[in-house]
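Understanding the architecture of this molecule
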Amino acid sequence: MSPRPRALIAMPPAVAALALPDDLRARLRMVCDVPDLVADDFTRPEVREALEHTEVLISGWGCPAVDAGLLADAPRLSAVLHAAGSVKPVLAPAVWERGITVSSAALANAGPVADYTVAAICLAAKRAFRVAADYRGGHHQDLTLSPRTGMLDRTVGIVGASKIGRLVLERLAGTGVRLLVHDPYLGLDEATELGAQPVSLDRLLTGSDIVSLHAPLLPETRHLLDARALGLLRDGAVLVNTARGGLVDTDALLAHCEDGRIDAVLDVTDPEPLPPGHPLLALPNVLVTPHIAGAMGSEVRLLGEFAVDEAERFAAGKPLLGEVRAEDLPRIA
């Protein structure tokens, strides 16, 4: 690798403007030779020419696929620094097979998701969404003295001790809630350090007032919460999903929410988006948002900052904080 590796920014210009504004590009240029080109299409002649000399690819939302065909045009590529979360939709297995270093800014994206999740949990504990729907309809449901409302003494179950799941646990510590966690890869000591009791999924579902999902969507976790699992939730429970829509059987969830037995806060759905007129969208005890928990607007800069930090570490020969190894792929989102 040359002293100042050649880097190429590969994402739509609108994304690049938010993720890598002028000050961050100036930082990037201090350690990398960065052309003024922003590549949102790898087939353009000027992009193909730039790829021949590219050693570091800064990818992000909307980046074209980095597959075997692209790699053939980028013989010097040594690292892909993804200024976004999951690398799976962008990078083909051929990237790891060629020994290219991969980094993801998932750690930077985790903060906004965790903040959103904790806010949703707090609002759900006060039944804010259900009360707001009634209020819009001209009714005032005073739940001030209802024992079903409030955070104190509630039990919150976290499914998946992922980066985001751990941040949610950390943020909930000291708020007066009891914490349960289910993750087959989490040991007792780690759970204890996070202030949570490790339990089976069934135990978590039966014992929680609020359940928040933070597991990756894998073949074995698809419909992790099916009709049977959802049936274990206690009456009045709240399901929060800021992870992946496919973790939940949508039809089964609808059946449990339609009769008001449980509430749900869904930032992700299956399918995504839900088709217009879907019954979940009209239920007063269900809040559906269009996948906004992660970095958005001004927060997208956090992803670019992480990628530039990684570029500085890579150029200096230091370990990358967000490195994604081939062996990680089967159990990450």
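Coordinates for the structure precede this section.
Residues numbered from 1 in each chain as written. Predicted model: local features only at pLDDT ≥ 70, side-chain atom pairs only at ≥ 80, totals over all residues. Heavy atoms only, no water.

A complete count under the given rule lists 0 aromatic pairs for this structure. Of note, Arg331 hangs over the ring of Tyr185, and the distance from its end group to the ring centre comes to 4.9 Å. (Phe/Tyr/Trp six-rings, centres within 6.5 Å; stacked < 30°, edge-to-face > 60°. Lys NZ or Arg CZ within 6 Å of the ring centre and 35° of its normal.)

On to the sheet that holds strand β3 (residues 79–82). Pairing in this open sheet of 4 strands is parallel, and the strands run β1-β2-β3-β4 from one edge to the other. Either end of the sheet is taken by a strand with one partner, and the two such strands are β1 (7–10) and β4 (101–104). Direction aside, neighbouring strands of the sheet carry axes that sit 15 degrees apart on average. Sheet topology note: the β3/β4 ladder contains 4 bridges and is parallel. For His82, the partnering residue across the bridge sits in β4 and is Ser104. (Pairing = 2+ DSSP bridges. Helix = DSSP H or I, 4+ residues; strand = E, 2+ residues; numbered from the N terminus. Axes fitted to C-alpha atoms, helices over the stretch in contact; angles between N-to-C directions.)

On to the pattern of salt bridges. Applying the stated criterion across every chain yields a total of 20 salt bridges. The salt bridge partner of Asp23 is Arg301, with a shortest N-O separation of 2.6 Å. Remark: Arg301 occurs in helix α13 (residues 300–315) and Asp23 occurs in helix α2 (residues 22–31); sequence separation between them is 278 residues. Asp309 serves as the salt-bridge partner of Arg27, at 2.5 Å between the closest nitrogen and oxygen. Placement of Arg27 in helix α2 and of Asp309 in helix α13 is noted, with a sequence separation of 282 residues between them. Here Asp309 falls in the partly exposed class, since its relative accessible area comes to 26%. Connected via shared salt-bridge partners are Asp23, Arg301 and Glu305. (Salt bridge = Lys/Arg side-chain N within 4 Å of Asp/Glu carboxyl O. Buried < 20%, exposed > 50% of the residue type's maximum accessible area, 1.4 Å probe, protein only.)

The 7 strands are arranged β7-β6-β5-β8-β9-β10-β11 in an open sheet whose pairing can be described as parallel. Every other strand in the sheet has two partners, leaving β7 (197–198) and β11 (286–288) as the edge strands with one partner each. Pairing analysis gives 3 bridges linking strand β10 (residues 263–266) to β11, with the strands arranged parallel. In the strand pairing of β11, Val265 is matched with Leu287. Those strands touched by helix α8 (residues 163–172) are β5 (155–159) and β6 (178–182), and its axis lies near 160 degrees from that of β5. (Contact = heavy atoms within 4.5 Å.)

A complete count under the given rule lists 0 disulfides for this structure. For Cys32, which is in no disulfide, the shortest distance to another cysteine sulfur is to Cys63 and amounts to 16 Å. Residue classification places Cys32 among the buried residues on the basis of a relative accessible area of 1%. A relative accessible area of 9% places Cys63 in the buried class. (Disulfide = S-S within 2.5 Å.)

To continue, consider unusual backbone geometry. Leaving glycine aside, a negative phi is the common case for residues, and trans is the common case for peptide bonds. Each neighbour pair has its own omega, and for Asp270 with Pro271 the value is 5 degrees, a cis peptide bond. Along the polypeptide, Pro271 turns up in the loop between β10 and β11. With phi around 60 degrees, Arg127 is a residue other than glycine that occupies positive phi space. You can see Arg127 is positioned in the loop between α6 (106–125) and α7 (128–136). The backbone of His223 sits at a positive phi, close to 55 degrees, despite the residue not being glycine. Counting through the fold element by element, His223 comes out in the loop between β8 (210–213) and α11 (227–231).

Relative to each other, α2 and α13 sit at 10 degrees, their axes nearing to 9 Å. Judged on the interaxial angle alone, α13 and α2 are roughly parallel. Residues Asp23, Leu24, Arg27, Leu28 and Val31 of α2 form the contact with α13, whose participating residues are Arg301, Gly304, Glu305, Val308, Asp309, Ala311, Glu312 and Ala315. A class-by-class count of the residues in the contact of α2 with α13 yields 6 nonpolar, 1 polar and 6 charged. (Parallel < 35°, antiparallel > 145°, perpendicular 65-115°, else oblique. Nonpolar A, V, L, I, M, F, W, Y, C, P; charged D, E, K, R; others polar.)

Further remarks concern α13. In this model α13 runs 23 Å from its N-terminal to its C-terminal C-alpha over 16 residues, within 8% of the 22 Å that 1.5 Å per residue would give. For α13, the set of buried residues is Val300, Leu303, Gly304, Phe306, Ala307, Val308, Glu310, Ala311, Arg313 and Phe314. For α13, the secondary structure elements touched by its buried residues are α1 (13–19), α2, β2 (56–59), β3, β4 and α6. A positive phi of about 75 degrees marks Gly317, the residue just after α13. (Expected span 1.5 Å × (residues − 1).)

Take Ser212: it is sitting in strand β8. What Ser212 contacts, discounting residues up to four positions off in sequence, is Thr117, Ile121, Gly157, Ile158, Val159 and Val240.

We now examine the side chain of Arg25. Turning to its location among the elements, Arg25 is positioned in helix α2. Notably, Arg25 is buried but unbridged: the nearest opposite-charge side chain belongs to Asp22, and the N-O separation is 5.1 Å. Here the side chain of Arg25 touches Leu20 through a polar contact of 2.7 Å, landing on its backbone oxygen. Aside from chain neighbours lying at most four places away, what touches Arg25 is Ile9, Ala16, Ala17, Leu20 and Val38. (Lys, Arg positive; Asp, Glu negative; His and termini not counted. Polar contact = N/O pair within 3.5 Å; in protein donor to acceptor, adjacent residues only side chain to side chain.)

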